[in-house]
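Structural characterization, general
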Amino acid sequence: MVFIFSSRYLPDLIALGIVLAAQAAGLFWILSGPALGASRGIRRAITLCALASFATLIFGCSLRYYRVARYFPEWWSGWGRGLVIAWAMLSVAWLVAGVVSRQWLRARPLHSPARRNFLKATQLALFGVPAAAAGYGVLIQRFQLALREQDIAIPGLPLDLDGLRLVQLTDIHLSPFLSERELERAVAMANETRAHVAFVTGDLITSAGDPLDACLDQLARLRAEAGVFGCHGNHEVYTGTEEYVTLRGARLGMRFLRRAALPLRFGDATMNLAGVDYQRFKKPYLTGAERLVQPGAFNLLLSHNPDVFPVAARQGYHLTLAGHTHGGQVRVEILRQDLNIARFFTPYVDGLYRDGVSSIFVSRGIGTIGLPARLGSPPEVALLRLRRT
């Protein structure tokens, strides 16, 4: 486990620290202030500081991505809007906790044991549980890389493709929060599957200045019978490295498909492998990609954004491989509901989905974005087996 600090992340870390400190202080004074004799003015001042921290957070994140200002609308529709939603949810919880605690405190004697116990239990729940969960996500689960195996039933799959093994790596985000050693481990895990075809479906790094060449050098160690293929993600767009990755990848033996298709022969069967650049959310998806579909072949599409799936199914693709969501990255199940930010943007968050005879598999990927934490969504290398039905 190696932690590397980079000054590029300083605005993020400062903003996040201010947000967490302000939230903690505000909650503490709302819940405990009356019992501790804090004046109403002090509690209001701290509450205003907590609200002001939201602006600091957005400012810090804007600095983080200042080199890609032209993509701000895309950033806002994704990670940035997710932060706003998370802030709103936390603010509502803060308000409810404050109202409930005030009513409880007014109904109890000043020095009652029940009042003191309530305050202690509330503080433990509000501060101890989230802190423990965050610590687990940052220090433990984001390093728990595992091999995920998934059978994919394909109606009418050619006999020579039955049992074909595909291995997928995605959302690597090689950066100060994911070391080259961890990527080396993922590549070794993929090679142990002895897959027929290997895929890399985007987001090799997070931002300009991250070790892109080191990432490509590690991915060049991937081995598969029919080769290694990939597509680009949104972070290749943000960093302006699509062309560089395509050219250097080709020199290293990896082919990144950019609105292109390539037939692969397995016995008497053909897998038509197509790939597209990152498809922006809510824009027209897969424009012109229907021309890449090969009649009579098994058509497989590589698209970093999984939201294209309904369009891909209509165009005739039998299977789509995607990433981008990190499986939600931080997921909490409450009352049998899977809560994660990715669900606000796409219904295709993690795993296998079907639409008629077409399927999509969305991998959780390896790295992280925003916060260096995973909770309920451990990193993975995906091994997929095609099955005839």
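Structure's up top.
Presented here is an overview of the structure given in this document. (Residues numbered from 1 in each chain as written. Predicted model: local features only at pLDDT ≥ 70, side-chain atom pairs only at ≥ 80, totals over all residues. Heavy atoms only, no water.)

Here we take up the packing of helix α5 (residues 180–192) against helix α6 (residues 212–219). At a minimum axis distance of 9 Å, the contact between α5 and α6 shows a crossing angle of 20 degrees. Relative to α6, the element α5 is oriented roughly parallel. Between α5 and α6 lies a crossing whose hand is right-handed. Contacts from Glu180, Leu183, Glu184 and Val187 in α5 reach Ala214, Cys215, Gln218 and Leu219 in α6. For the contact of α5 with α6, the per-class residue count stands at five nonpolar, one polar and two charged. (Axes fitted to C-alpha atoms, helices over the stretch in contact; angles between N-to-C directions. Helix = DSSP H or I, 4+ residues; strand = E, 2+ residues; numbered from the N terminus. Parallel < 35°, antiparallel > 145°, perpendicular 65-115°, else oblique. Left-handed = near helix turned anticlockwise from the far one by under 90°. Contact = heavy atoms within 4.5 Å. Nonpolar A, V, L, I, M, F, W, Y, C, P; charged D, E, K, R; others polar.)

It is worth spelling out the sheet that holds strand β6 (residues 260–266) at this point. Spatially, the six strands line up as an open sheet ordered β6-β7-β8-β9-β13-β12, and their pairing is mixed. Each end of this open sheet is capped by a strand with a single partner; those strands are β6 and β12 (351–355). Going from strand to strand, the sheet's axes swing by 20 degrees on average, the running direction of each strand aside. One ladder, built from five bridges, connects strand β7 (residues 269–275) with strand β8 (residues 298–302); its direction is parallel. Bridge pairing in β8 places Gly275 opposite Leu302. (Pairing = 2+ DSSP bridges.)

Turning our eyes to something else, we now look at the packing of aromatic side chains. This structure, assessed with the given rule, holds two aromatic pairs. Ring geometry for Phe309 against Tyr348: centres 5.5 Å apart, planes inclined by 90 degrees, an arrangement best described as edge-to-face. Note that Phe309 is positioned in helix α9 (residues 309–315) and Tyr348 in the loop between β11 (337–339) and β12, a separation of 39 residues in sequence. Exposure remark for Phe309: the relative accessible area of 1% places this residue in the buried category. With a relative accessible area of 15%, Tyr348 lands in the buried category. Here Tyr348 and Tyr353 contribute two aromatic rings whose centre-to-centre distance is 5.4 Å and whose plane-to-plane angle is 85 degrees, an arrangement assigned as edge-to-face. We classify Tyr353 as partly exposed; its relative accessible area is 22%. (Phe/Tyr/Trp six-rings, centres within 6.5 Å; stacked < 30°, edge-to-face > 60°. Buried < 20%, exposed > 50% of the residue type's maximum accessible area, 1.4 Å probe, protein only.)

Secondary-structure assignment places Arg165 in strand β2 (residues 165–169). In this structure Arg165 comes out as partly exposed when scored by relative accessible area, which is 25%. As a C-alpha pair, Arg165 and Arg385 span 220 residues in sequence and 4.7 Å in three-dimensional space. Residues contacting Arg165, with those up to four places away along its chain left out, are Thr193, Arg194, Ala195, His196, Val197, Leu383, Leu384 and Arg385. Within the structure, the side chain of Arg165 is placed 3.4 Å from the backbone oxygen of Thr193, a separation counted as a polar contact. (Polar contact = N/O pair within 3.5 Å; in protein donor to acceptor, adjacent residues only side chain to side chain.)

With that settled, consider the environment of Gln329. The residue Gln329 is located in the loop between β9 (319–322) and β10 (332–334) in this model. As a C-alpha pair, Gln329 and Arg364 span 35 residues in sequence and 7.6 Å in three-dimensional space. Filtering out sequence-adjacent residues up to four positions away, Gln329 remains in contact with Thr368, Ile369, Leu371, Ala373, Arg374, Leu375 and Ser377. There is a polar contact of 3.0 Å between the side chain of Gln329 and the backbone oxygen of Ile369.

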